[in-house]
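# Coordinates in review
Each chain, written out:
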Amino acid sequence: MSPPRKRVVIFQKRVARLSEATLRTFVLRAKRAVKLKGTVNLLLTSSNAMRSLNRQFRAKDVPTDVLSFPSPSLPPNQPPRAAGDIAISVEIAAHNAAKLGHSTAEEVKILALHGILHLAGFDHERDNGEMARKEARLRRTLGLPVALIERDKMERDKSERDKIQREKIQRTQSKRTRGPGRKSLKPRAHTP
């Protein structure tokens, strides 16, 4: 009898069209592409559980889409056993997938790739875009839609464009209600 296989994927919340075997295979492909050694454990869970983890480990009392927990470093002469753990909110993944027009299964893979990059030592908050570029390349290699960091940048850019457009509209409307040398054409109440 062979020893029991270690589970590297734990589904506390199920995802349509995404089996444990499919996700495990994707994680292995992503690890190879990133050149990450060691086991990656993956937990698919609820937003409430993610909020609890985020509060406990990052002192942020809000749910988040993905968290990565790197394993402590081993001495250089020992082979790595565990690279770390990744937790993903299936609910947030489903919401983001619907908003962006792809499946929840694809979104979970995008988040898993993002977490694997963090386990490999990348940090998009401090690396001047290195992680974003790597994630974009790997996303294309692994056949995934828009990467997490790219998506955030696209949303920030869109928000900025929308803000500029609203300001232009307000300036245009303001010019229409005032003529040259006049204060305003808006009706006022007459007071004797």
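Figured I'd write up the structure that's included with this text.

Reading guide: rules and limits
Residues numbered from 1 in each chain as written. Predicted model: local features only at pLDDT ≥ 70, side-chain atom pairs only at ≥ 80, totals over all residues. Heavy atoms only, no water. Salt bridge = Lys/Arg side-chain N within 4 Å of Asp/Glu carboxyl O. Buried < 20%, exposed > 50% of the residue type's maximum accessible area, 1.4 Å probe, protein only. Phe/Tyr/Trp six-rings, centres within 6.5 Å; stacked < 30°, edge-to-face > 60°. Helix = DSSP H or I, 4+ residues; strand = E, 2+ residues; numbered from the N terminus. Pairing = 2+ DSSP bridges. Axes fitted to C-alpha atoms, helices over the stretch in contact; angles between N-to-C directions. Contact = heavy atoms within 4.5 Å. Core = buried A, V, L, I, M, F, W, Y, C linked by side-chain atoms within 4.5 Å. Parallel < 35°, antiparallel > 145°, perpendicular 65-115°, else oblique. Left-handed = near helix turned anticlockwise from the far one by under 90°. Nonpolar A, V, L, I, M, F, W, Y, C, P; charged D, E, K, R; others polar.

### Side note on the pattern of salt bridges
- Tallied over the full model, the rule gives five salt bridges.
- Among the salt bridges present, the one from arginine 55 reaches aspartate 61, with a minimum N-O distance of 2.6 Å.
- Judged by relative accessible area, arginine 55 falls into the partly exposed class, the value being 41%.
- By sharing partners, the salt bridges in this structure join Arg51, Arg55 and Asp61 into a single network.

### Some points on the packing of aromatic side chains
- Under the definition given, this model contains one aromatic pair.
- Centroid distance phenylalanine 57 to phenylalanine 69: 5.0 Å. Interplanar angle 65 degrees. Geometry classified as edge-to-face. Remark: phenylalanine 69 occurs in strand β3 (residues 66-70) and phenylalanine 57 occurs in helix α2 (residues 47-58); sequence separation between them is 12 residues.

### What about the sheet that holds strand β2 (residues 39-45)?
- The four strands lie next to each other as β1-β2-β4-β3, forming an open sheet whose pairing is mixed. Single-partner strands in this sheet number two, and they are β1 (9-11) and β3. Ignoring strand direction, the axes of neighbouring strands in this sheet form an average angle of 15 degrees.
- Inspection of the sheet shows β3 paired to strand β4 (residues 82-89) by five bridges, in the antiparallel sense. In the strand pairing of β4, phenylalanine 69 is matched with aspartate 85.
- Helix-sheet contacts for helix α1 (residues 20-34) involve β1 and β2, and the interaxial angle to β2 is about 135 degrees.

### A few points about the nonpolar core
- Within the largest apolar cluster, 34 residues are counted, with the highest numbers of intra-cluster contacts made by Leu42, Leu44 and Leu113.
- Those elements giving two or more residues to this core turn out to be β1, α1, β2, β4, α3 (90-100), α4 (104-119) and α5 (130-141).
- Per-element tally for this core: the top contributor is α4, with nine residues.
- Leaving out residues up to four positions away in the same chain, leucine 113 has contacts with Phe26, Ala30, Val34, Glu135, Leu138, Arg139, Leu142 and Leu144.

### Digging into the packing of α4 against α5
- It is the contact of α4 with α5, at a shortest axis distance of 11 Å, that shows an interaxial angle of 135 degrees. Here α5 runs oblique to α4, going by the angle between their axes. For the pair α4 and α5, the sense of crossing is right-handed. Of the residues in α5, those touching α4 at Ile110, Leu113, His114, Leu117 and His118 are Met131, Lys134, Glu135, Leu138 and Arg139.
- When the residues that make up the contact of α4 with α5 are grouped by side-chain class, the tally is five nonpolar, two polar and three charged.

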